[in-house]
Amino acid sequence: MPTKKKEKKEEQKEKVVAKKPAEKKVVGEVPKKKINPISLPRGMRDILPEDQLVWDRVRSACKTLSDAYGFRRIDTPIVEDTNLFVRGVGKHTDIVEKEMYSLETEGGEKLTLRPEGTASVMRAYISNGMFNQPQPAKLWYMGPMFRHERPQSGRYRQFQTFGCEVIGEKDPVLDAQIILLSWLILKELGIKGIVRINSIGTPESRSAYKQVLVQYFRSHRSKLSDNDKRRLLRNPLRILDSKDEGAIELKVDAPQIVDWLDDTSKAHFMRVLEYLDEVGVPYQLDPYLVRGLDYYSDTVYELFDEEEADERSQSALGGGGRYDGLSELLGGREETGAVGFGLGMDRIVSRLKSMAGDEPVKEEEAPVFIAQLGEAGRKRSLAVFEELRLAGIRASEAFGKESIKAQMEVANRRGAKWAVIIGQKEVLDGTAILRDMDSGSQEIIDATKIVRELEKKL
Ligand code: AMP
């Protein structure tokens, strides 16, 4: 731009600024009342910037492996019709009985913040007619889930899940592939996973098993906690998941569901195990693993860190299984084969952090710092920052600070190797100062050559 024109523009800008009314002073101002800070709701937490690198690692491992295995991302809403979970997850599950964040809108809609992902993905499969596409549909999702549980270590009221679902086919090879994929994600992150696996058969064999299980626990009723007595009436399989002493003790001699499986379920389970052997996924048979949600059939499994596997379900890093009956429960086609897993990303992140000695992972420092002095220097610096960014040179700045000393302190703290310093004089001369932050030596360079000079040095 010709200088005269530029000067005129500057003049106009100044006039605009000068026209602004002066700030009014308040005379006899009343001291402000202290306002209590708003605290975080119980069981919720912030994931701070210093933890985001570990989170990114987890997200990226989940995504990369699932993409490689042919899964495609799906995002479903966080809010769904409450009935989706009542019907899908099951009326008498802990989730539906006491853990859902539900609300009723002014229009009378009953909605719930999703407590898990599978029911939503199956709902999306049905409502988007995905059964008309080539089968199976292989979908992955990632996002927050909400359960009003008692907050404790590894248990939050909002937590992040990554999940994969294969919908539309029934072959046991798909169960094995799902288990393999979840195990591989942990492996990729450096966690030695171990699978606990069981088969809970068809709804028919399960109902026969439930009867003998109820008989067994009823004959030892006095040893059960009130909570487990309630479970005995409403959802007896859940007693096997109980953390209460009486039930844990009784479980040792309780009947096992494998003895009630029909031939098809038995054969399905055997083949899943054979495939797992083939790909070298380590597993333990757990005859009492039933999982908390009603929609499972045949294969159920949970994933643990081998080193923490003894601490049982509180530390499960993930879990999943087959849910062939869910489609029908949600009004979709009958017997739509489906199998999937959900990984608890919060637990995986905290495991990775403790493996790294709970040291925050350091972000890679920008090698260049841009320092400015005076209004003209600051303006020019904004443009220089953008020039560097476009050239792929990572830079940091402290544009809000005025003194060079304060800016150099920031540059040192951030571990910058080079500082580009631009003041009033440099703007007028069309130059910049390039400072070697280690030795403190400085040189004056042409302002048009900042990128080139830095590229030579970095
Ligand atoms: P689920 O659908 O209950 O099997 O959950 C899948 C995975 O999510 C579990 O294996 C846990 O790793 C994780 N998870 C479940 N509930 C919570 C929670 N309240 N807080 C943190 N992670 C959870």
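Residues numbered from 1 in each chain as written. Predicted model: local features only at pLDDT ≥ 70, side-chain atom pairs only at ≥ 80, totals over all residues. Heavy atoms only, no water.

Quick word on the sheet that holds strand β4 (residues 110-113)
Stage number 1. On the basis of which strands lie adjacent, the open sheet formed by three strands has the order β2-β4-β3 and antiparallel pairing. The open sheet has two free edges, formed respectively by β2 (79-81) and β3 (101-104), since each of these has just one partner strand. With strand direction ignored, the average angle separating the axes of adjacent strands in the sheet is 35 degrees.
Stage number 2. Of the strand pairs in this sheet, β2 and β4 are connected by three bridges, and their pairing is antiparallel. The partner of valine 79 across the bridge, within β4, is leucine 113. (Pairing = 2+ DSSP bridges. Helix = DSSP H or I, 4+ residues; strand = E, 2+ residues; numbered from the N terminus. Axes fitted to C-alpha atoms, helices over the stretch in contact; angles between N-to-C directions.)

Focus: the domain arrangement of the protein chain
Stage number 1. Per the domain assignment, the segments making up the protein chain are domain 1 (49-201 + 261-356) and domain 2 (368-457).
Stage number 2. The C-alpha-based centres of domain 1 and domain 2 are spaced at 50 Å. (Domains from an automatic or database assignment.)

What to know about the pattern of salt bridges
Stage number 1. Per the counting criterion, the structure on display carries 26 salt bridges.
Stage number 2. The salt bridge involving arginine 59 is made with aspartate 56; its shortest N-O contact spans 2.7 Å. Residue arginine 59 and its partner aspartate 56 are both found in helix α2 (residues 52-68); the two are separated by three residues, about one turn of the helix.
Stage number 3. Accessibility expressed as a relative area gives 26% for arginine 59, which makes it partly exposed.
Stage number 4. Notably, a salt bridge pairs aspartate 305 with arginine 351, separated by 2.2 Å at the nearest N-O pair. Placement of the pair is aspartate 305 in strand β9 (residues 297-305) and arginine 351 in helix α12 (residues 345-355), with a sequence separation of 46 residues.
Stage number 5. On the basis of relative accessible area, aspartate 305 is assigned to the buried category, the value being 3%.
Stage number 6. Owing to a relative accessible area of 11%, arginine 351 belongs among the buried residues under this scheme.
Stage number 7. Linked by salt bridges that have partners in common, Asp94, Asp228, Arg231, Arg238 and Asp241 make up one network. (Salt bridge = Lys/Arg side-chain N within 4 Å of Asp/Glu carboxyl O. Buried < 20%, exposed > 50% of the residue type's maximum accessible area, 1.4 Å probe, protein only.)

Description of the side chain of glutamine 160
Stage number 1. Following the sequence through the fold, glutamine 160 ends up in strand β6 (residues 158-167).
Stage number 2. For glutamine 160, a relative accessible area of 19% puts it in the buried group.
Stage number 3. For glutamine 160, the residues in contact, after removing those within four places along its chain, are Trp55, Gly143, Pro144, Leu343, Gly344, Met345 and Asp346. (Contact = heavy atoms within 4.5 Å.)

What about helix α13 (residues 374-390)?
Stage number 1. For α13, built from 17 residues, the straight-helix expectation of 24 Å at 1.5 Å per residue is met to within 8% by its first-to-last C-alpha distance of 25 Å.
Stage number 2. Along α13, the residues that are buried comprise Gly377, Ser381, Val384 and Leu388. For α13, the arc enclosing every buried residue in end-on projection is 70 degrees, short of the 170-degree limit, so these residues lie on one face. Of the exposed residues in α13, those oriented more than 90 degrees away from the buried face are Leu382 and Leu390.
Stage number 3. For α13, the elements touching its buried residues are β12 (368-372), β13 (395-397), β14 (418-422), α15 (424-429) and α16 (450-457).
Stage number 4. Of the residues one or two after α13, glycine 392 is the one with positive phi, at around 80 degrees. (Expected span 1.5 Å × (residues − 1). Arc of directions from axis to C-beta.)

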